[in-house]
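Listed here are the chains, written in short residue letters.
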There are 2 protein chains.
Amino acid sequence: MTTQFVYAFGPAGADGDASMKALLGGKGANLAEMAKLGLPVPPGFTLTTEVCTRFYAQGRTYPEGLKEAVAEALKGLERATGKAFGDGANPLLLSVRSGARASMPGMMDTVLNLGLNDETAAGLAAATGDKRFAYDSYRRFIQMYSHVVLGVDPGVFEDALGALKDERGFAYDTELSGEDWAEVVGLYKTALARKQGAPFPTDPMDQLWGAVSAVFASWMNDRAKVYRRLHDIPESWGTAVNVQAMVFGNLGEDCATGVAFTRDPSTGAKRFFGEYLINAQGEDVVAGIRTPKPLTRAAREAMGDKGLSLEEAMPGVFGELTAAYQKLETHYRDMQDVEFTVERGRLFMLQTRAGKRTTRAALKIAVDMAEEGLISRDEAVLRIDPASLDQLLHPTIAAGAARDILVTGLPASPGAAVGKVVFDSDEAEQWAARGEAVILVREETSPEDIHGMHAAKAIVTARGGMTSHAAVVARGMGRPCVCGATDLRIDRAAETLTVRGRVVAKGDVITVDGAAGQVLLGAVEMSEPALTGEFAALMSWADGARKLKVRANADSPEDAVSALKFGAEGVGLCRTEHMFFAPERIAAVREMILAERAEARVAALAKLLPFQRADFIGMFKVMGARPVTIRLLDPPLHEFLPHTEAECADVAAATGIDAKALLARARALAEVNPMLGFRGCRLAIVYPEIYEMQARAIFEAAGEVQAETGVVPAIEIMVPFVVTAGELAFIRARIAAVAAAAGTEAGTEAGTDAGTDAGTGLAYQVGTMIELPRAALRAGEIAAEADFFSFGTNDLTQSALGLSRDDSGAFLARYVELGLFAKDPFVSLDQAGVGELVEIAVARGRGAKAGLKLGLCGEHGGEPASVAFCHRVGLDYVSCSPFRVPIARLAAAHAALQSTPDGQGSLASTA
Amino acid sequence: MTTQFVYAFGPAGADGDASMKALLGGKGANLAEMAKLGLPVPPGFTLTTEVCTRFYAQGRTYPEGLKEAVAEALKGLERATGKAFGDGANPLLLSVRSGARASMPGMMDTVLNLGLNDETAAGLAAATGDKRFAYDSYRRFIQMYSHVVLGVDPGVFEDALGALKDERGFAYDTELSGEDWAEVVGLYKTALARKQGAPFPTDPMDQLWGAVSAVFASWMNDRAKVYRRLHDIPESWGTAVNVQAMVFGNLGEDCATGVAFTRDPSTGAKRFFGEYLINAQGEDVVAGIRTPKPLTRAAREAMGDKGLSLEEAMPGVFGELTAAYQKLETHYRDMQDVEFTVERGRLFMLQTRAGKRTTRAALKIAVDMAEEGLISRDEAVLRIDPASLDQLLHPTIAAGAARDILVTGLPASPGAAVGKVVFDSDEAEQWAARGEAVILVREETSPEDIHGMHAAKAIVTARGGMTSHAAVVARGMGRPCVCGATDLRIDRAAETLTVRGRVVAKGDVITVDGAAGQVLLGAVEMSEPALTGEFAALMSWADGARKLKVRANADSPEDAVSALKFGAEGVGLCRTEHMFFAPERIAAVREMILAERAEARVAALAKLLPFQRADFIGMFKVMGARPVTIRLLDPPLHEFLPHTEAECADVAAATGIDAKALLARARALAEVNPMLGFRGCRLAIVYPEIYEMQARAIFEAAGEVQAETGVVPAIEIMVPFVVTAGELAFIRARIAAVAAAAGTEAGTEAGTDAGTDAGTGLAYQVGTMIELPRAALRAGEIAAEADFFSFGTNDLTQSALGLSRDDSGAFLARYVELGLFAKDPFVSLDQAGVGELVEIAVARGRGAKAGLKLGLCGEHGGEPASVAFCHRVGLDYVSCSPFRVPIARLAAAHAALQSTPDGQGSLASTA
């Protein structure tokens, strides 16, 4: 059986159908499907994507037999339309359009009105009785064909037309008569011949093959390549080419053209929605020269429009269209975006496809359709792109609110907030404590600003990129953030900020739109996120479908409250060091760091103990019996010290600590590569008393909360930066000793060494981050000492790829641009590299300890593709920032609903 | 069959032999062997290491049947000696000594003269007719037993003895009579009873079991644990205990004791060598109270000693001893260290073991014995510890030279050198250029000091550890280096250094002993390394045995010359960036970095091209047809820029580059984690012109050298820091384009794309470092683009373990101390972690490309255990610093000679 390269469709039915998108492209498959459904589709045929693939494989030549198949299909078209291609009396005109498997709007080329030459144009004028229409179509065809197929700049034709209009004294195209347009055609042909040194091709068959080749070639244009990369469309798919009889909506007042959505694409409301124009071509609806009218009378009245809706102007056609759209929506079981043309009172359906919609609309449509019984609840869940939820989860600037843009920067963390400008983190905390909404504005932020960032409603920085400290922390906290607003100047002395002469003083109100990267003057009206209604319904269906549990990263009781609001089932990462930076604690932290002997260190740590205990009490009270994973101190100690001589002097003055000693210690602790330095459990190997204090704070807090509330906290103590089983054993033994002592003191049966018995009294688990390649490789041995693993894929990405998140800005964009990395590996897990380490650790860890609990914490935990990976490799949970919890829940549901029984993943698909 | 716990030996033969070291320990096995050989060994028996193992496994109790077996063996001893244990008339006295499988001198406990009490002491006095001897022995026994078994501080007894001597007016122990010693015994017993509240145990059997238990217990004392860790002795081995009849060298002038080596342990010369004392106990020879005499007349005469040698004093005994040592050396096929005692004219052999020797002696002995036919050449090769060669490969301070130590620091790089102090790298280069030997003295060094370090004979720094920049680079260059000489103060303005008041000015001569970590005032006499004679012979045998090739890391023609001298078979790593720091080049490098557009960058690079080409010409000329692996630019660009405002101003003044622009660029390029930053091939992805210039310099240099010498350089171009196959493909394509262009220009057939054809014209290979975990994991894909892999295990260790070499000083020592790392992973490859990544990459790389050439470059390439690993996993070569090449050659030979057919390694042995 020879390969079929050409699939016909028309009133008599179709060779293909909607299931054949891979072969016919989306447009071709849907045209065939509509034809099969008996809808009035202008007849045509589709050259398959297989032709495209062969076209490129064979050095831009066509497979044998294609010419004959096209000629055959063309004959069918002539029969169906009663017109003849190239015929001077009753010419058949064609449209030639691309149509890939996935929609790539505007990325590839189209040629309309194909088949016109001097002879057929005259025939068209005669047949339609409209010379102006015929020659306007002809000159449009020359212009479009020259541009798309011959690569001639349209400016050449604009110039010729402009010269003629000047000569005649015309201001608008509409002033040109049929004669004028015929003259313009002549001018165009002359201009083209001069430009390319060859005449315009007059043979319609030459025109057809020129256009087909141009459309296939457009698959590889730069626009299309970029679009494919951005949308993960494989190059190997290729495009189909659809050749279709032209129909015209611009042959008079009984003609029209329009686009319609079967439901409202903005709100999702179940009402027919769209626009049309009488006596117009499709491009006129889009071009905005004339204002289209609503389709329905109800819509027209709601808008107060004086014209006629299609329902009123052409009630018969409207009835046909209504029947068609209802048929299509029911048939496709999704909201459709349709294009139609009315040629002399006759309705033609030109296209149908799943309609684009806002996330809000998508939610409503999916939930409504499930409740209408049109789709299942699982299908409804799968209809929502998890990543798209992001826009629903933050307050946003109200639609249509006026924006006075002060400065623009990078859209580093979504959401919007209004507040008073402050320039100092301590001040931010103080103002927030007395109930003010504040926006923290800094040159850049550092770990010492954490408390200020937490206190602020939003953060703005003058320096730093999408992965700067401010950006990463703000996203983690769910604070809107604009970074790298380079036009912004801060005068710390005057306590003002200035942008090109506009001055904003401390305490002035601004609005931050993190999604748009804008800082706006004054208080702009906001919309709060609604987590109820369709959102709540769909999320509950998603929760029913998913296997992965979803936790949140939360460093404070406030974060934990937010986490619960977004549906987190526990805290997967509580970073204790963020608790160290608050002004009333940092002095004790520094005293501890400056201590030369263990006793002095222990004394300083004793001062921190009540703070830590209070932190954990707050956290445990919010989380109740849900698991809370507390990561013990991780960053290198120098992060807690001032760095410059001046800063040291300031701190010395404020605290009485010797400035020289402070500077000396800061210098001694300074590191060339702090990411790979004296941090994590290494601190506790050298100074065991640090983790001992933290463990004690945890056990005492748990005891107190249990005594007060009767609820037993589910404690998971996480040891960071482990590379050997010995480290974990060393620290685990010390935690067990502290637990035993705390148990005695508190009069409860504090944790056993195994720690996993949640019977009476305080139980706890000890586990580790798997965040370095060696830890992944030695996971079998480490598992023997661990009750759980949590994959710290941020650091695992940094170490496996030798890629510092802080420093990768200089080249990462170029890597993604060149396709060396498919995506930023800090955003979407590098499954082929880092992912294999995770898989190794899962296999070895569970091999050594069957019930080992496995999770992932870090930015990847809220990214859909990474969540799908976690599901596939069998993790128990993911943990992400509170605002991403719904995304993770939905992504986990997708992964569960889409996973095939053999669990085969796509690991091999990225190099 | 019940387990035999006790093995007897004596005049009638022995239960065990020398092959049973694991069970009987070294000492016990050799005593048994000597007994079997018919040598006069005092009879005794050995409690096996199995007893020790069970002792610990069973909570410090003995296995059933042991008591009975010991009693039985004791009876045999009584029969053999004709004495009786605990007998008042003719008492048998025993020594109880540890004896592990590997020698652990002084680490465990010994009890002598066991069996003495009031009754047997009287009997001993009567039997020997020497009351003084008997009671002196008795009091020594009480003191030793109390210390070793009862844990009583010997000071208690010293005090009692001191009081008695004061009372009697005695100055020396020798003044005490037998009566006095008997009185001392009484005082000792009183002191002991007062101290521990219980009398001294008088029952000899109680004494015996007390001593045996103490010796077994000493296996777990802190000294022994530390020693085992330092010498890689597993705890599970346990120790044996040897119980042996005492013989006495101190019963009169017909008695003696001594130690002997069958060959000279310092030089290896084939002559009997040792010392003895008349009328003395073994400990007296060691204690240094009396000066021992040489054994042979020849030695005595050579020393001009007036006393008598053993040969002269006791010719009969000497004859017996000569026969015994010759028998032992021939039997053991190695130089022996023997201990003997002469009791009343009768020779007893107390111990034999392989004698410790200097590396120089070890070489001579191994080569001599092979030439004597005593051992094979392979055995000779295996007799030399590869690591020990280090001390032969550098000039050293002449033995016995007077040392005026100015300051002590860390022994960062071995060897010694004399030179004039300079404090500046440029000055070091200038002075060296005019023929001065200089020592570069710096607070610390940075990459900008490379040229000064290269020009210097040795390097001294006030700051930095064993893995500081100075230490690592100095070892790589083979320059002696003392780091972290913290007492050293440098006054840059005065151009002096000061150590506790002693001032050394620029130009003053000092001597550096890198092996000892000493800086000495003035010029001290030196010995040059001799690479001829036995060294050359043994290395040629090693070369015949090994499979791994050995290359050197060499960054300059001088390094390459040194590499060849040490037997390198190629250059495995030529770091091109070291060539960028020379003063006449750095300006162009900075201009390139400051360039804002590609054209300006290309123009700056064009200035560097002649320098690079000249570098490669020099390198190719030295190396001839041997392979040279050239690594393209690797470090981040900020390493080439000044960092502080002041430095920028200096550079600006010197070069005319704008200071502000320089500082701005330096700040923009500064990185939080430069190890994980914008470096390696990432530079070439963003700025392809850098590698293009380097490739051009390589091809032009090769063409020129080939034209001049007729020898075709074997070029291997190495791309650093690759994590994806795409990076290598991108860069490989650009190198191929440069090669094609260079080939045309030079009129030669420069490399094909495959690059592996070494036919006519220039051929080249392109490969990559595997130095990041992801690269190891994706080695299969990367191999498709690579002609070779070179494992960069320095960076692979940093990334796999998350361990910055520059920053690990703060905790690495503690990790090794706690046994969390068996060894510093930068010194000896972490086979269980980093090693598995290497194995994965080997398997996947060769799986994708069977003939893929595999090597390792970096510090591990010269470390014997790591070299053995490389052999085992099937690498083709290792590359290390020139001075370590002989170590690698010998280690590779060991690996080849020791490898078992199944190739099973010890990967699983370290966690």
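Analysis parameters
- Residues numbered from 1 in each chain as written.
- Chains lettered and ligands numbered in written order.
- Predicted model: local features only at pLDDT ≥ 70, side-chain atom pairs only at ≥ 80, totals over all residues.
- Heavy atoms only, no water.
- pLDDT = per-residue confidence, 0-100.
- Contact = heavy atoms within 4.5 Å.
- Buried area = accessible area lost by both parts, 1.4 Å probe.
- Salt bridge = Lys/Arg side-chain N within 4 Å of Asp/Glu carboxyl O.
- Polar contact = N/O pair within 3.5 Å; in protein donor to acceptor, adjacent residues only side chain to side chain.
- Helix = DSSP H or I, 4+ residues; strand = E, 2+ residues; numbered from the N terminus.
- Nonpolar A, V, L, I, M, F, W, Y, C, P; charged D, E, K, R; others polar.
- Least-squares fit on C-alpha atoms with pLDDT ≥ 70 in both.
- Expected span 1.5 Å × (residues − 1).
- Buried < 20%, exposed > 50% of the residue type's maximum accessible area, 1.4 Å probe, protein only.

Student: I would appreciate a short explanation of the confidence of the model for chain A in the present structure.
Tutor: As a general rule, the predicted coordinates of low-pLDDT regions are not to be interpreted in detail. Residues and elements named next belong to chain A. Averaged over all residues, the pLDDT of chain A equals 90, while 96% of them reach at least 70. Segment residues 901-911 is flagged for pLDDT under 50; beyond a separation of four residues in sequence, or across chains, it makes 18 contacts in the model. Complex prediction metrics read pTM 0.82 and ipTM 0.81.

Student: How do you make sense of the interface of chain A and chain B when you look at a structure like this?
Tutor: By convention, interface size is frequently given as the accessible area that disappears when the constituent parts associate. Each partner contributes to the interface: chain A provides 50 residues, whereas chain B provides 50 residues. When chain A packs against chain B, the two sides together hide about 4,300 Å² of surface, and 60% of this comes from carbon and sulfur. On the surface where chain A and chain B come into contact, there are four salt bridges. Residue B:R774 pairs with A:D830 through a salt bridge whose shortest N-O separation is 2.7 Å. Counting every contact that joins chain A to chain B gives 24 residue pairs in polar contact (both at pLDDT 80 or more). Breaking the side of chain A that touches chain B down by element, the ones donating at least two residues are α25 (681-686), α27 (725-746), α28 (773-777), α30 (793-801), α31 (812-817) and α32 (834-848) of chain A. Tallied by class, the residues present in the side of chain A that touches chain B amount to 28 nonpolar, 10 polar and 12 charged.

Student: Please clarify how the relation of the copies chain A and chain B should be interpreted in this entry.
Tutor: The second copy of the chain is related to the first by a rotation about an axis and a shift along the axis. For the pair chain A and chain B, the best superposition has an RMSD of 0.2 Å and corresponds to a rotation of 180° with a translation of 0.2 Å parallel to the axis. Look at the turn and shift together and you get a two-fold axis relating the two. Looking at chain A, 100% of its interface residues are interface residues in chain B too, so the copies touch through the same face.

Student: What is the right way to look at helix α8 (residues 204-218) of chain A in this model?
Tutor: Spacing of three or four residues puts side chains on the same side of an α-helix, whose turn is 3.6 residues. All names here are of chain A. Spanning 15 residues, α8 covers 21 Å between terminal C-alpha atoms, matching the ideal 21 Å at 1.5 Å per step. Counted residue by residue, α8 has 11 buried out of 15 residues, so it is predominantly covered. Residues of α8 that are buried include every one of P204, Q207, L208, W209, G210, A211, V212, A214, V215, F216 and S218, and no others. Between a side-chain oxygen at the N-terminus of α8 and the backbone nitrogen of M205 the separation is 2.8 Å; the capping residue is D203.

Student: Before we go on, may I ask you to explain unusual backbone geometry in this structure?
Tutor: If a residue is not glycine, its phi is most likely negative; likewise, a peptide bond is most likely trans. Located in the positive-phi region is A:R333, a residue other than glycine, with phi close to 55°. Note on placement: A:R333 falls in the loop between α13 (315-332) and β12 (336-343). Judged by relative accessible area, which is 28%, A:R333 ranks as partly exposed. The phi dihedral of B:F721 is positive, around 65°, even though this residue is not glycine. For B:F721, the location among the structural elements is in the loop between β30 (714-719) and α27 (725-746). Take B:F721: its relative accessible area is 0%, and that puts it in the buried class.

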